[in-house]
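Structural features, examined
Listed here are the chains, written in short residue letters.
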Amino acid sequence: MPGEVGVNPVTAMNEAEQAEELAIRTTAAAPQLETITDELKPAVSSYVVSGLFSFEMKTFENMSQLAQNSVNLAQDVQGADLGIAVTDHESSEEFHEGAELLDIPINF
């Protein structure tokens, strides 16, 4: 939500897993697209086949880029999540040390 501060590491990892799943599904769709276009080629005129080939090549490029971007997104989210978790852990240790010095009872 806008205006909020903080990250839930579990939610962030779930988002990274979804990005990975998108990459897998995109990669898996490429052979299916190739099968569909291969089945269409004999059924259309020679004028359409060249357009179909161009469509296929451009779509494969886009699918490849989408899969790569999904992998990059997953890696970026995982890296950021790990960094946040480390920072939170370090901060909590400092907070505990300060609370102990002040002798303030705090429930964690």
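The structure this text deals with has already been given above.
1. Describing the overall build of the chain
- When you go through the chain residue by residue, the secondary structure sums to two helices and zero strands.
- Going through the 108 residues of the chain one by one, you find that 15% of them count as buried.
- Taking the contacts inside the chain whose residues are at least 6 apart along the sequence as the reference set, 67% of them involve residues at least 24 apart.
- Accessible area for the chain stands at about 8,300 Å²; split by element, carbon and sulfur atoms hold 60% of it.

2. So, the side chain of S70
- Tracing the backbone shows S70 in helix α2 (residues 46–102).
- Its relative accessible area of 3% is what places S70 among the buried residues.
- Here S70 is in contact with A19, L22 and A23, once residues within four sequence places are set aside.

3. Thoughts on the pattern of salt bridges
- One pass over the full model with this rule turns up four salt bridges.
- A single salt-bridge network, built from bridges that share partners, covers D38, K41 and E56.

4. A few points about the environment of T11
- Take T11: it is sitting in helix α1 (residues 9–40).
- The exposure class assigned to T11 is partly exposed, which follows from its relative accessible area of 41%.
- Separated by 70 residues in sequence, T11 and D81 place their C-alpha atoms 9.5 Å apart.

5. A look at the environment of A12
- Mapping A12 onto the fold places it in helix α1.
- Once the C-alpha coordinates of A12 and D81 are considered, the two residues, 69 residues apart in sequence, prove to be 6.4 Å apart.
- Those residues within four positions of A12 in sequence are excluded, and the remaining contacts are V7, V77 and D81.

6. Observations regarding the side chain of T37
- You can see T37 is positioned in helix α1.
- A polar contact is formed between the side chain of T37 and the backbone oxygen of E34, at a distance of 3.1 Å.

7. Quick notes on α1
- The end-to-end C-alpha distance of α1 is 47 Å, a good match for the 46 Å that 32 residues give at a rise of 1.5 Å each.
- With a side-chain oxygen positioned 2.9 Å from the backbone nitrogen of V10, the residue opening α1 is N8.

Conventions adopted
- Residues numbered from 1 in each chain as written.
- Predicted model: local features only at pLDDT ≥ 70, side-chain atom pairs only at ≥ 80, totals over all residues.
- Heavy atoms only, no water.
- Helix = DSSP H or I, 4+ residues; strand = E, 2+ residues; numbered from the N terminus.
- Buried < 20%, exposed > 50% of the residue type's maximum accessible area, 1.4 Å probe, protein only.
- Contact = heavy atoms within 4.5 Å.
- Areas by Shrake-Rupley, 256 points an atom, 1.4 Å probe, with all protein chains shown as cover.
- Salt bridge = Lys/Arg side-chain N within 4 Å of Asp/Glu carboxyl O.
- Polar contact = N/O pair within 3.5 Å; in protein donor to acceptor, adjacent residues only side chain to side chain.
- Expected span 1.5 Å × (residues − 1).

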